[in-house]
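# Coordinates in review
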Amino acid sequence: MQKSKKALEKFPSYNCAQTVFSTFADELNLDEETALKLASGFGGGMARAETCGAVTASYLVIGLKHGHASTDLLEKNNTKELILKFNEKFVAKHGSLICKELVGCDISTPDGQVKAKEKNAFNEFCPHFVATACNILENDF
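These numbers were taken from a predicted model, which means no experiment stands behind them.

### Here we look at the packing of helix H1 (residues 3-10) against helix H10 (residues 126-140)
Here H1 crosses H10 at 145°, and the two axes come no closer than 8 Å. Relative to H10, H1 is oriented so that their crossing is right-handed. Two secondary-structure elements touch here, H1 through Lys3, Ser4, Ala7 and Leu8 and H10 through Pro127, Val130, Ala131, Cys134, Asn135 and Glu138. Across the contact of H1 with H10, the residue classes break down as 6 nonpolar, 2 polar and 2 charged.

### Focus on helix H2 (residues 16-23)
The element H2 is extensively covered by neighbouring structure, given that 8 of its 8 residues are classed as buried. Listed in full, the buried residues belonging to H2 are Cys16, Ala17, Gln18, Thr19, Val20, Phe21, Ser22 and Thr23. At its buried positions, H2 is contacted by H1, helix H3 (32-39), helix H4 (43-49), helix H5 (53-66) and H10. Measuring from the side-chain oxygen of the N-cap residue of H2 to the backbone nitrogen of Ala17 gives 2.9 Å; that N-cap residue is Asn15.

### Thoughts on the side chain of Thr56
Relative to the assigned elements, Thr56 resides in helix H5. Residue contacts for Thr56: discarding those within four places in its chain leaves Phe42, Met46 and Thr51.

### Notes on the layout of surface pockets
With a probe scaled to a water molecule rolled over the atoms, the places where space remains empty come into view. Looking at the largest pocket, its volume works out to about 350 Å³. Taken together, 23 residues form the lining of the largest pocket, with Cys16, Gly43, Gly44, Ile107 and Phe122 sitting closest to its centre. Ranked by residue count, the leading element in the lining of the largest pocket is H4, at 4 residues. Looking at side-chain class alone, the lining of the largest pocket contains 14 nonpolar, 8 polar and 1 charged residues.

### What to know about the environment of Ser108
The residue Ser108 is located in the loop between helix H7 (99-103) and helix H8 (110-119) in this model. Overall, the relative accessible area of 24% leaves Ser108 in the partly exposed class. As for Ser108 and Met46, which are separated by 62 residues in sequence, their C-alpha atoms are 9.2 Å apart. Sequence-distant contacts of Ser108, that is, excluding residues within four places in its chain, are made with Ala47, Arg48 and Ala49. At 2.5 Å, the side chain of Ser108 forms a polar contact with the side chain of Asp106.

### Details of the packing of H5 against helix H6 (residues 73-94)
Viewed as axis vectors pointing N to C, H5 and H6 meet at an angle of 145°, and their least axial separation amounts to 10 Å. The hand of the H5/H6 crossing is right-handed. Residue-level inspection shows Val55, Ser58, Tyr59, Ile62 and His66 of H5 in contact with H6, the latter providing Asn78, Thr79, Leu82, Ile83, Phe86, Asn87 and Phe90. Here the contact of H5 with H6 is composed, by residue class, of 7 nonpolar, 5 polar and no charged.

Rules and cut-offs
Residues numbered from 1 in each chain as written. Predicted model: local features only at pLDDT ≥ 70, side-chain atom pairs only at ≥ 80, totals over all residues. Heavy atoms only, no water. Axes fitted to C-alpha atoms, helices over the stretch in contact; angles between N-to-C directions. Helix = DSSP H or I, 4+ residues; strand = E, 2+ residues; numbered from the N terminus. Left-handed = near helix turned anticlockwise from the far one by under 90°. Contact = heavy atoms within 4.5 Å. Nonpolar A, V, L, I, M, F, W, Y, C, P; charged D, E, K, R; others polar. Buried < 20%, exposed > 50% of the residue type's maximum accessible area, 1.4 Å probe, protein only. Polar contact = N/O pair within 3.5 Å; in protein donor to acceptor, adjacent residues only side chain to side chain. 1 Å grid on protein atoms, 1.4 Å probe; cavity = no way out; pocket = protein on both sides within 12 Å on 5 of 7 lines; lining within 4 Å. Points joined across faces, edges and corners; volume = space filled by probe spheres on them.

Spelled out as structure tokens, the structure:
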């Protein structure tokens, strides 16, 4: 099954970050519960409406698949290049990496949460970000 379809079956039961990261758990040699726990704090733009949780979860996937665990400068640069490649593809599709820009309101504030509910943001916008992140990871990483 395509990763984006698998992810959308989980969302919005889990936040955007949990959804993306746990969808790749099997490839990362993680059990789903561990993946859900690891990504739980990244949803909603790290609860600050900053970098989208689907994006930060993608960084976790990229790091576990291709990241470095040494002080070698070339390995560090490779990881950075992969993150930049992901960012470029996501921004090309959605125009931003920032949650409040993507959904059009600051969900970290009470007023923003009301606006998000009025706009049905978590059902209208966020599934697209989750699907895009999964598609980029599946096709390019």
